[in-house]
Amino acid sequence: MENTVSSTIVNDHTVVKTPFNKNSDQVLPLLITPAHSGGDLISWMNAHREEFERDLMHYGGILLRGFNVDAVKDFNAFMECFNTTPLPYMFRSSPRKELDDHLKNIYTSTIYPSERTINMHNETSYSRIWGRKIVFCCITPAAEGGQTPIADSRRVLKDIDPALTAEFRAKGVKYRRNLLPDLGMPWQEVFQTNDVKVMEATCQKYNIDYEFVGKDHLIIEWVKDAICRHPVTGEETWFNHVFFFHRFSRYEELGLPHHEFFPAEFLTSETFFGDGSEISSAAYKEIRQAYQKNIIAFPYEKGDIIFLDNMLTAHGRYPYKGERTIATAIIEAAYDSDNIRNI
């Protein structure tokens, strides 16, 4: 995708738009800052929503920096510009909690050990229901590290070997998750219920195979496309959790070489081609390289808002030291409608 952003500052008397990195051919992200001290982000957004939406689809992500966003309530006020309630975090793959009991579905970013990296992914791309947009707001930046790296999923797709993408086009991706207490997440948290019948009905509705293999040990499997078309732009995008859920992600986290044997029952997640065949170490490394080639990362400043089109842009998290609070909201539900049953 060509960088069509001019290096000339565009000033509409309220905000200034510039390329985040003028020396890169990456267009991601567009940087928007106030044109003068005390610029009113909410007033500008309410007056320029259509312009903002066009920019978001073109660039894939926007960094709003330098506005007076000091607390979760300020972030919530900004999110109200979009006339939609943030989505609940269902079919979970990581623990989260709401930041304020009075603000519905404004979560902390993933609660995950600070010394570990969270690999690149598009939020809940494994699910039958996902959010079209995901928004991060820095309430407290880490003392060190803690960036949210982002990557244009259109560019990632183009940088994966065509033979590999052809196989994913033909077969899709199969996801497998082991859900049990003390290893990853129990099924009760993933499905947000303690009722087995509710869990079973959810699996049936969303075309998910499930099996209890022990007390409170549930295995779920399902197949999805690995490559999607953006519903508005029509562009193809690498939209999946192939890399994030792959067994080698866990191996690398544990410091294990790829050839090491590790019992499948101790893997919280795995990915395969849609026919169940293995995604090899070479394929995994090919995908990782495509992400790494396209990553943009920058330190957070307090009040930063990173606004992503979730279908166009992947994200992750780098390790950090010190306190770190990043508020997160997901909006505008999208559906894998071919695999959702009316039951």
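This is a predicted model, so every value here is computed, not measured. (Residues numbered from 1 in each chain as written. Predicted model: local features only at pLDDT ≥ 70, side-chain atom pairs only at ≥ 80, totals over all residues. Heavy atoms only, no water.)

## Comments concerning the overall build of the chain
Counting its regular elements, the chain contains 10 helices and 20 strands. By residue count, 52% of the 343 residues in the chain fall in the buried class. In the chain, the proportion of contacts linking residues at least 24 apart, taken out of those at least 6 apart, comes to 77%. Surface summary for the chain: the accessible area is close to 15,500 Å², and the carbon and sulfur share equals 48%. (Helix = DSSP H or I, 4+ residues; strand = E, 2+ residues; numbered from the N terminus. Buried < 20%, exposed > 50% of the residue type's maximum accessible area, 1.4 Å probe, protein only. Contact = heavy atoms within 4.5 Å. Areas by Shrake-Rupley, 256 points an atom, 1.4 Å probe, with all protein chains shown as cover.)

## A few points about the packing of helix H9 (residues 247-254) against helix H10 (residues 281-294)
Where H9 contacts H10, the two axes come as close as 10 Å, and the packing angle between them is 80 degrees. One element, H9, and the other, H10, form an angle in the roughly perpendicular class. Judged by residue contacts, Phe248, Ser249 and Glu252 of H9 engage Ser281, Tyr284 and Arg288 from H10. Here the residues of the contact of H9 with H10 are counted per class, giving 2 nonpolar, 2 polar and 2 charged. (Axes fitted to C-alpha atoms, helices over the stretch in contact; angles between N-to-C directions. Parallel < 35°, antiparallel > 145°, perpendicular 65-115°, else oblique. Nonpolar A, V, L, I, M, F, W, Y, C, P; charged D, E, K, R; others polar.)

## Describing the sheet that holds strand S6 (residues 118-121)
Taken in spatial order, the 4 strands of this open sheet run S6-S18-S9-S16, and their pairing is antiparallel. The open sheet has two edge strands with one neighbour each: S6 and strand S16 (295-296). Pairing geometry for S6 and strand S18 (residues 313-317), over 2 bridges, is antiparallel. Paired with His121 across the bridge in S18 is His315. (Pairing = 2+ DSSP bridges.)

## Structural notes on the side chain of His121
In this fold, His121 is placed in strand S6. Among the polar contacts listed, one links the side chain of His121 to the backbone oxygen of Asn119, at a separation of 2.8 Å. Those residues in contact with His121 that lie beyond four places of it in its chain are His241, Phe244, Ala314, His315 and Gly316. (Polar contact = N/O pair within 3.5 Å; in protein donor to acceptor, adjacent residues only side chain to side chain.)

## Comments concerning the confidence of the model for the chain
Of the residues in the chain, 89% reach a pLDDT of 70 or more, and the chain-wide mean stands at 88. Counting contacts from residues 4-10, a segment whose pLDDT is below 50, to residues more than four positions away or on other chains yields 14 contacts. (pLDDT = per-residue confidence, 0-100.)

## Here's the deal with the sheet that holds strand S10 (residues 173-179)
Reading across from one edge, S11-S12-S10-S15 is the order of the 4 strands in this open sheet, with antiparallel pairing throughout. Each edge of the open sheet is held by one strand with a lone partner, namely strand S11 (209-214) and strand S15 (269-273). Ignoring which end each strand starts from, the neighbouring axes of this sheet average 20 degrees apart. By the bridge criterion, 5 bridges tie S10 to S15 in an arrangement that is antiparallel. Residue pairing for S15: Arg177 is matched across the bridge by Ser269. Where helix H5 (residues 162-171) meets the sheet, its contacts fall on S10, strand S12 (217-224) and S15, and the angle it forms with S15 comes to roughly 95 degrees. Running at roughly 145 degrees to S11, helix H7 (residues 196-205) makes contact with S11 and S12 of the sheet.

## Observations regarding H5
The periodicity of an α-helix, 3.6 residues per turn, causes residues three or four places apart in sequence to face the same way. Restricting attention to buried positions, one finds in H5 the residues Leu164, Thr165 and Phe168. End-on, the buried residues of H5 take up no more than an arc of 95 degrees, which puts them together on one face. Exposed and facing more than 90 degrees away from the buried side of H5 are Pro162, Ala163 and Ala170. Backbone nitrogen of Ala163 and a side-chain oxygen of the N-cap are separated by 2.8 Å at the start of H5; the cap is Asp161. Looking one or two residues past H5, Gly172 carries a phi angle of roughly 75 degrees, positive in sign. (Arc of directions from axis to C-beta.)

## Points about the nonpolar core
Ranked by size, the top nonpolar core spans 40 residues in total, and within it Phe168, Phe191, Ile220, Trp238, Ile287 and Tyr291 carry the most contacts. Looking at this core, the element that brings in the most residues is H10, giving 5 residues. Membership of the second largest hydrophobic core comes to 28 residues, among which are Leu30, Trp44, Tyr59 and Ala329. (Core = buried A, V, L, I, M, F, W, Y, C linked by side-chain atoms within 4.5 Å.)

## Notes on the pairing of strand S4 (residues 61-64)
Remark: a regular strand shows side chains that alternate across the two faces of the sheet. Side chains of S4 alternate between two faces, with Gly61 and Leu63 and Ile62 and Leu64 buried alike. In terms of strand pairing, strand S3 (residues 30-34) meets S4 through 3 bridges, oriented parallel. Residue pairing across strands places Ile32 opposite Leu64, the latter belonging to S4. Examined bridge by bridge, S4 and strand S17 (residues 305-309) share 4 bridges and lie antiparallel to one another.

## Description of the pattern of salt bridges
On inspection of all chains with the given rule, the structure shows 24 salt bridges. Where Arg155 meets Asp25, a salt bridge forms, and the shortest distance between an N and an O atom there is 3.4 Å. Residue Arg155 is located in helix H4 (residues 153-158), and its partner Asp25 is located in the loop between strand S2 (15-19) and S3; the two are separated by 130 residues in the primary sequence. Residue Lys174 is joined to Glu221 by a salt bridge in which the shortest nitrogen-to-oxygen separation is 3.9 Å. In this pair, Lys174 sits in strand S10 while Glu221 sits in strand S12, placing the two residues 47 residues apart along the sequence. Exposure remark for Lys174: the relative accessible area of 19% places this residue in the buried category. One network of salt bridges, with partners in common, ties together Lys174, Arg176, Glu221, Arg247 and Glu270. (Salt bridge = Lys/Arg side-chain N within 4 Å of Asp/Glu carboxyl O.)

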